[in-house]
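Take a look at the letters that make up each chain.
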Amino acid sequence: MALAIWAWRRLCLSLLIVFIYYAPGVSVLAAENINYNLVHSWADKLGLELFSLGDFITRRKQVQENFKEAKVVTRQGSVIVEGMAKEIEMMMDLKVSAVRRIMDTAENTALSHQNDMPDKMFSYYNAKEMAEPGEPTPPPPTTPPDMDDQIGEPLIYVPPKVLTLEPRPEFHNTPVNFSVSSVHVPVNVFDRASDVIKAIQWSENLDQIFRDNYKNDPSLSWQFFGSSTGFMRQFPASKWKKDVPVDLYDCRLRSWYMEAATSPKDVVILMDGSGSMLGQRLDIAKHVVNTILDTLGTNDFVNIFTFDNVVRPVVGCFEDTLIQATLGNVRELKEALEGLTPTSIANYTAALLRAFEVLEDSKINSNGAQCNQAIMIIGDGAPDTNEEVFQMHNWQKPPYKPVRVFTYLIGKEVSNWDDIRWMACQNQGYYVHLSDTAEVREMVLNYIPVMARPLVLGRHDHPVIWTQVYADLEQDTKLSDYLWEIKQCEDQKADVLQYFQVQERMQEPQEKNKRNYQRLKEALNQPVDSNVYQFMTTVSMPIYDRRENATRIANLLGVAGTDVPINEIKKLLSPFMLGANGYAFIVTNNGYVLFHPDFRPIFQGYILKPAYNSVDMIEVELLDDDRAPRDFNPVLMTIRDSIIKQHTGSKWMLVKNHFDEMKRVARVKRQYYWTAIKNTPFTLVITYPERYGVSRVEPRAEHDIHRTYITGKDIRSFFDGKRWKIHPDWLFCKQTNKTFRTPETELLYFVDRMSEPGWHWPSSRSAMPPEHAAAIYSNNSSAGRYPSINDKERYYCDRQLMQSLVFDAHATTWFPNITSIKEEKRHEFKARFGITVVFLATHSGLTRWHEFHTNLGEQPGLGESFSQHNKRAIDEIWYKRAVDQYFVNKESFVYSVPFDAGESESEIIVTASNAIFHNESAKSAPAAVVGFQFQHSAFYKLFHNITGNACAVDDKDCYILDNNGFVIISTRVHETGKFFGEVNGAIMKRLVEEKVYKRVIVYDYQAVCFESKLNPNASNMLLSPLIHVMRMGKWLLHTALWYIVQLLRLTPGVAANFNEYLDLNGSEPMPEPEMEHSNNNNKRNHWLQYITLKHTRLKPCDMQRELYTLYNEKDNVVYNMTAHACERPFVVLPIPNSNLILLVIDQMCPRDPTLVLSVNPKVINYPFAVNETLSCYKHVRSFNRVRPASCISRHINESSITLCGKGSVLYANLALLLLGLVLSRWL
């Protein structure tokens, strides 16, 4: 009986399944069996529809046909790199020549005005006080000036001068005046002091040489003279713009000044950590050390030791070594110094012995700067002179003393000052006495002229210094910390405002995720080409006092220099010669990049990274070798050594190139070429993909511009209309004495000039230095025509680039002509595909487009919007990806949507692009890329029409993914643009395991982490009893804020006004009923978590990303595999002629929802030892470097200089002094 019942139930169940399977309107895809053939037909139909659309709308075959008249030539990397290096060398020679003339003029002018008396009423253009016509000026004082109690002289009032300023694009649109220079005086310098105002007076004569330099070379940026007295004279004149509320700028702390004033140096800082260094003394001492660190550059080496009865490094893992004074290492030292706690008794002998040992080991092992050496002692007095230590280590080869000693006596009431002063005076150093933090900077800077003495005594040797890249800011790292503090406050304010809006929903996962996602997106905003800051290098030279009696003090007058914007160097690189995905970069003697396509100095969109300018070339050229982080390939290290030694060479390497916000990656074999830029510490490197970079398209001789004019063709007609742009960063033609509104206007100006008689092609971008040109002309050289200062109209045109541009313009003149598409087809494209724009970009930097206005956008500005964001031709992401995709499938289009596009409320736009290659014989090269943009909603509609209702049921999920794993189409629109691993990590993992996608790990060695400022150690609670007072104050503040909030919430009128003030657009909150005391406490604690700032500090760190790319095997067996229940609950197939795959998933199978794969960065956890940091980890694995060519560390006459110290500046009141004397007699 039981058996019969069981059989009957089986029969009923079977009939039910058959009925459901064949019921009308139900998908033919069963939950446990996805129909492979049906999915295959979907993929084929999608591919056919999309390709037919792209092929017709872009007219790609016609574009390809028009480029057949060009030829394909081999790209000669060695010739290209030599030519580019020569152009940069000529430009840099021109800047050096200008600085040398400033230096000569300054030395001669100071010599001729040595007997002038300082005029304390002298009026000059003060950059912080001068006014423009019409601006209000402060009224003069109505009463006689009072006495200044500090300086003992009458206060001086000089009305600010008035000057007309005009914004100029070559100076970042800063308002300037080219007739005079302006003067910046730091806040710690009194501009009416005799030595300062006298230098300001005579240096005004430099205006003429500034003007002459600019006349000779209109590409010159800022020219300046930084005086050793503290002020800086800058040309052209401009107002001073403060980047932070307080003016922190002092030219003597800038790298261009410090490196020119002193040769490279090894510095050991000894800081007294004994129990007497408490309170204000400790604050002053820390300020001294921080200021010394601010004066060091990347060619200097340093370490800090604190000493009581034991000598120890402030950063434990640095131990007995000298570390390079990069921004990251200096930051590490400063942070370690903050936690110093004085104890015990100071042992000066042990400290000095340790310092000499470190310096001697550095010299023996050829580490460090290998030039100047110095010991800086900061303390409140030494018990004895330690003469025997100096005799043993520093007085072995008189009169030379290889190590200078600088001493900084801290405190007002100190008795044993003579011993610490003796140490400095007997070791060619300098002594200062400091009793207040306000005088620290000025006193510390006294060591620079002392280190400069060998340079000044030599007189004739003026080293030319080129700095590492830096941002043109007052204090770059301090500004970063300031901006980060502001950003944290803004985030906290946003949280508070949000709390008023959503109340308890603040803790809901959706609100938390939304907030965290937005902040992560902001943190990862690392623009490569940003206009937020002006990045530059500077060339500078020291200026010496030539007076006969100046040798007694070896006086350094200052430093002359001029800025060279990085963007101006990039314009000399002829990027079109390198082609798509080719690039150039410059490496310094330290191995750091001056610029590079992957140089990302900014995060959050506007904040400088804490160690932004010490990015090594091997940290941005990532080899595809699957090695562990910071385990660099020996081949790459060998290439790096060759580059920093300024050899000439070439090599190919397999590398990983990430792009598109570091969310996509390509594995490429690249060819590298490098050569030195002569007379500089720089080496130029170029690279391009081996697969398609070895050849390029070039017009034939019969298409020469002049021949085109002779045949009667009007080249200007090739550029008719407004639907075209040229690459804004490339140098096509440049008129040095003329400015244009747009690059297109400038191009048309030169197109017209080319048709005029007498046109010639200049042979160089840069004019020659006048002294070089004079020598060439005097020798009647005929080695080509060089632009010179005698040219009436100075201009340059890149002949090869212009020839290619004109050819491309002629070949594509027809492209923007929308009448070539029949009207009925246009309407079909509008209705069916939502086409918005069709575009074309050529290898010569030309972009053309035409618009298909949709129902959502009939406005004429649609095409202009496309051109504003897509005018960089071969540098656009869609161009680069299309060229790479050509070698996967020559007919293929590359489709993409913006990342996280589904989160946006606006219409999603899909971009499609296809590469046009020109083939000749066995060679081929990319000539252009065509493409179009269309509405995502139309794409989804097409997808739905093909798949029917099969992807709309609950048990199936259908996705279209791109070649990097991002969602292009999903049944849930909000998933569009997301990485698929975040949508369905389990299936993404299977796709990786089955070799649909390959995981590629990319290391980010320029990352920034956020370290909590709170010390987890309990020891910080013992620092001071004031901590309890601070806690009580914090409690009182929180309590007061809580009652204010309750008042706002319980008082309807106040709440309404408060909401209106905050512009929350919300309704008046209803008063809540009274609650239990315990509940009130809970709510109060709940509120405090949103108003308490959780401060963090910026910290350089390493991160890694797991990126993904499709396996490109044409016959990948995985595409032939069918679904098999829950063992393989999906079918994946490529969509023909595209970079897309179609993925259909059985949702009825269980999966792990906690498994999430992400392309977001993760911090690399290195196996650090105890107390070890990333800086220590990098120091142990430091790379080779080449020392600067110039090292002047001693002079035979220096031993005759006796000036060696300065005490704390104290101003006495005579009346009080007499009163004290009388009282001391009578009491």
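About the thresholds
Sequence order sets the numbering: in each chain, residues are counted from 1 along the sequence as written. Only residues with pLDDT of at least 70 are given local features in this predicted model, and only at 80 or more are side-chain atom pairs given and counted; all residues enter the totals for whole chains, interfaces and linings. The side-chain numbers reported here are obtained from all heavy atoms of the structure, hydrogens and water having been left aside. The pairing criterion for strands is at least two bridges between them, as found by DSSP. Under the DSSP-based scheme used, a helix requires at least four consecutive residues in state H or I and a strand at least two consecutive residues in state E, with every element numbered from the N terminus. Here the axes come from fitting lines to C-alpha atoms, over the contacting stretch only for helices, and the angles between their N-to-C directions go from 0 to 180 degrees. Note on definitions: a residue-residue contact is assigned when non-hydrogen atoms from the two residues lie within 4.5 Å. When the sulfur atoms of two cysteines come within 2.5 Å, that pair is taken as a disulfide. Exposure categories follow from relative accessible area, calculated using a 1.4 Å probe and restricted to protein chains: below 20% of the type maximum is buried, above 50% is exposed, and the middle band is partly exposed. Note on definitions: salt bridges are taken to be side-chain nitrogens of Lys or Arg within 4 Å of carboxyl oxygens of Asp or Glu.

### Quick word on the sheet that holds strand β39 (residues 1130–1134)
Pairing is antiparallel across the open sheet formed by four strands, whose spatial order is β36-β35-β40-β39. Two strands in the sheet have a free side with no partner beyond their single neighbour: β36 (967–970) and β39. Recorded for the sheet is a direction-independent mean angle of 20° between the axes of neighbouring strands. With five bridges joining them, β39 and strand β40 (residues 1141–1146) adopt antiparallel strand pairing. Residue pairing in the sheet places L1133 in a bridge with L1142 of β40. Where helix α2 (residues 36–58) meets the sheet, its contacts fall on β35 (956–961), β39 and β40, and the angle it forms with β39 comes to roughly 30°. Across the sheet, helix α30 (residues 985–993) touches β35, β39 and β40, and the angle it forms with β39 is around 55°.

### Description of the state of the cysteines
Under the criterion given, the structure shown has seven disulfides. The partner cysteine of C371 in its disulfide is C1191, sulfur to sulfur 2.0 Å. Every disulfide takes its handedness from the sign of the S-S torsion; for C371 and C1191 that torsion is 105°, giving right-handed. You can see C371 sitting in the loop between α10 (348–364) and β12 (372–379) and its partner C1191 sitting in the loop between α34 (1174–1180) and β42 (1205–1206), a full 820 residues away along the chain. Given a relative accessible area of 8%, C371 falls into the buried group. The partner cysteine of C1009 in its disulfide is C1101, sulfur to sulfur 2.0 Å. Negative torsions about the S-S bond denote left-handed disulfides, and the value of about 85° found for C1009 with C1101 makes this one right-handed.

### Quick look at the pattern of salt bridges
Per the counting criterion, the structure on display carries 50 salt bridges. With its nearest N and O atoms 3.3 Å apart, the salt bridge here joins K68 to E65. Its relative accessible area of 46% is what places E65 among the partly exposed residues. Note that E698 is salt-bridged to K71, the shortest N-O span being 3.6 Å. Within this pair, whereas E698 is found in strand β26 (residues 695–698), its partner K71 is found in strand β1 (residues 71–74), the two being separated by 627 residues in sequence. The class of K71 is partly exposed, set by a relative accessible area of 24%. Overlapping salt bridges bring together R331, E332, E335, D481 and K1099 as one network.

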